[in-house]
Amino acid sequence: MNDSEGIRETVGRYFDGLYHSRGADLRAAFHENARITGIVSDSGERSEMDLEQFVRFAEKQPSAAAAGEAYEMTIQALDVKGAVASVKVEDVYIGKRFTDLLLLLKEGGTWRIYSKLWHADPL
């Protein structure tokens, strides 16, 4: 598997974790030291979480898959340089349209999301 495929696989696990509210997928996609930070546009509030806080939050959300909602999660841009990568994604999640900037790190041949910086707009 080349780097682009490995990155897409990791991002796919992230998307699946959100869509199915599965913490195991999110833990597989993110580095254990990951930080998740973002701004909700309608309130201007900043949210900061470590991986376990993010996983617990996602697991509490109703599963979009179980509700029959559309899978609206796409990679918009991907850039790789050595063992680091950046990926811009867009997704509809918990009633908002998110733009996520994901920074990934390759360790031991495996890509993991090390940082997620996001912005959310109302639908």
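About the cut-offs
- Residues numbered from 1 in each chain as written.
- Predicted model: local features only at pLDDT ≥ 70, side-chain atom pairs only at ≥ 80, totals over all residues.
- Heavy atoms only, no water.
- 1 Å grid on protein atoms, 1.4 Å probe; cavity = no way out; pocket = protein on both sides within 12 Å on 5 of 7 lines; lining within 4 Å.
- Points joined across faces, edges and corners; volume = space filled by probe spheres on them.
- Helix = DSSP H or I, 4+ residues; strand = E, 2+ residues; numbered from the N terminus.
- Nonpolar A, V, L, I, M, F, W, Y, C, P; charged D, E, K, R; others polar.
- Buried < 20%, exposed > 50% of the residue type's maximum accessible area, 1.4 Å probe, protein only.
- Arc of directions from axis to C-beta.
- Contact = heavy atoms within 4.5 Å.
- Pairing = 2+ DSSP bridges.
- Salt bridge = Lys/Arg side-chain N within 4 Å of Asp/Glu carboxyl O.
- Core = buried A, V, L, I, M, F, W, Y, C linked by side-chain atoms within 4.5 Å.
- Expected span 1.5 Å × (residues − 1).
- Polar contact = N/O pair within 3.5 Å; in protein donor to acceptor, adjacent residues only side chain to side chain.

**A closer look at the layout of surface pockets**
Then, in step 1: Taken as a whole, the largest pocket spans an internal volume of roughly 150 Å³.
Then, in step 2: Around the largest pocket, the lining residues are Ile36, Val40, Ser47, Met49, Phe54, Phe57, Tyr93, Ile94, Lys96, Phe98, Lys116 and Trp118.
Then, in step 3: Those elements giving two or more residues to the lining of the largest pocket turn out to be β1 (30-40), β2 (46-50), α3 (51-60), β5 (96-107) and β6 (110-122).
Then, in step 4: Classifying every residue of the lining of the largest pocket gives 9 nonpolar, 1 polar and 2 charged.

**Section: the environment of leucine 18**
Then, in step 1: Take leucine 18: it is sitting in helix α1 (residues 3-20).
Then, in step 2: Counting along the chain gives 55 residues from leucine 18 to methionine 73, while the straight-line C-alpha distance between them is 9.6 Å.

**Here's the deal with α3**
Then, in step 1: Buried within α3 are the following residues: Leu51, Phe54, Val55 and Ala58. Across the axial projection of α3, the buried residues extend over an arc of 100 degrees, all falling on one side.
Then, in step 2: Buried residues belonging to α3 abut α1, α2 (23-29), β1, β2, β4 (84-93) and β6.

**A short note on the pairing of β4**
Then, in step 1: Here strand β3 (residues 73-81) runs beside β4; their pairing, made up of 8 bridges, is antiparallel. Residue pairing across strands places alanine 77 opposite lysine 88, the latter belonging to β4.
Then, in step 2: Joining the antiparallel neighbours β3 and β4 is a turn of 2 residues, in which glycine 82 adopts a positive phi near 65 degrees.
Then, in step 3: Connecting β4 to the antiparallel partner β5 that follows it, the hairpin turn spans 2 residues, and isoleucine 94 within it adopts a positive phi of roughly 45 degrees.

**Quick look at the pattern of salt bridges**
Then, in step 1: For the structure on display, the rule yields 8 salt bridges.
Then, in step 2: The partner of aspartate 25 in a salt bridge is arginine 22, and the shortest N-O contact between them spans 2.6 Å.
Then, in step 3: Judged by relative accessible area, which is 37%, arginine 22 ranks as partly exposed.
Then, in step 4: Each of Arg35, Arg46 and Glu48 takes part in a single network of salt bridges with overlapping partners.

**Comments concerning the nonpolar core**
Then, in step 1: The biggest cluster of nonpolar side chains holds 30 residues, and the ones touching the most others in it are Tyr14, Leu26, Phe30, Phe54, Leu102 and Leu104.
Then, in step 2: Secondary-structure elements contributing two or more residues to this core are α1, α2, β1, α3, β4, β5 and β6.
Then, in step 3: In terms of residue count, α1 provides more of this core than any other element does, 6 residues in total.
Then, in step 4: Beyond its immediate sequence surroundings of up to four residues, phenylalanine 30 is in contact with Tyr14, Ile36, Leu51, Phe54, Arg112, Ile113 and Lys116.

**Structural notes on α1**
Then, in step 1: Between its terminal C-alpha atoms α1 stretches 26 Å, which fits the 26 Å expected from 18 residues at 1.5 Å a residue.
Then, in step 2: For α1, every residue scored as buried is listed here: Gly6, Ile7, Thr10, Val11, Tyr14, Phe15, Gly17, Leu18 and Tyr19.
Then, in step 3: Between the side-chain oxygen of the N-cap and the backbone nitrogen of serine 4 there are 3.1 Å, and the N-cap of α1 in question is asparagine 2.
Then, in step 4: Taken from the residues just after α1, serine 21 is the one with a positive phi, measuring 55 degrees.

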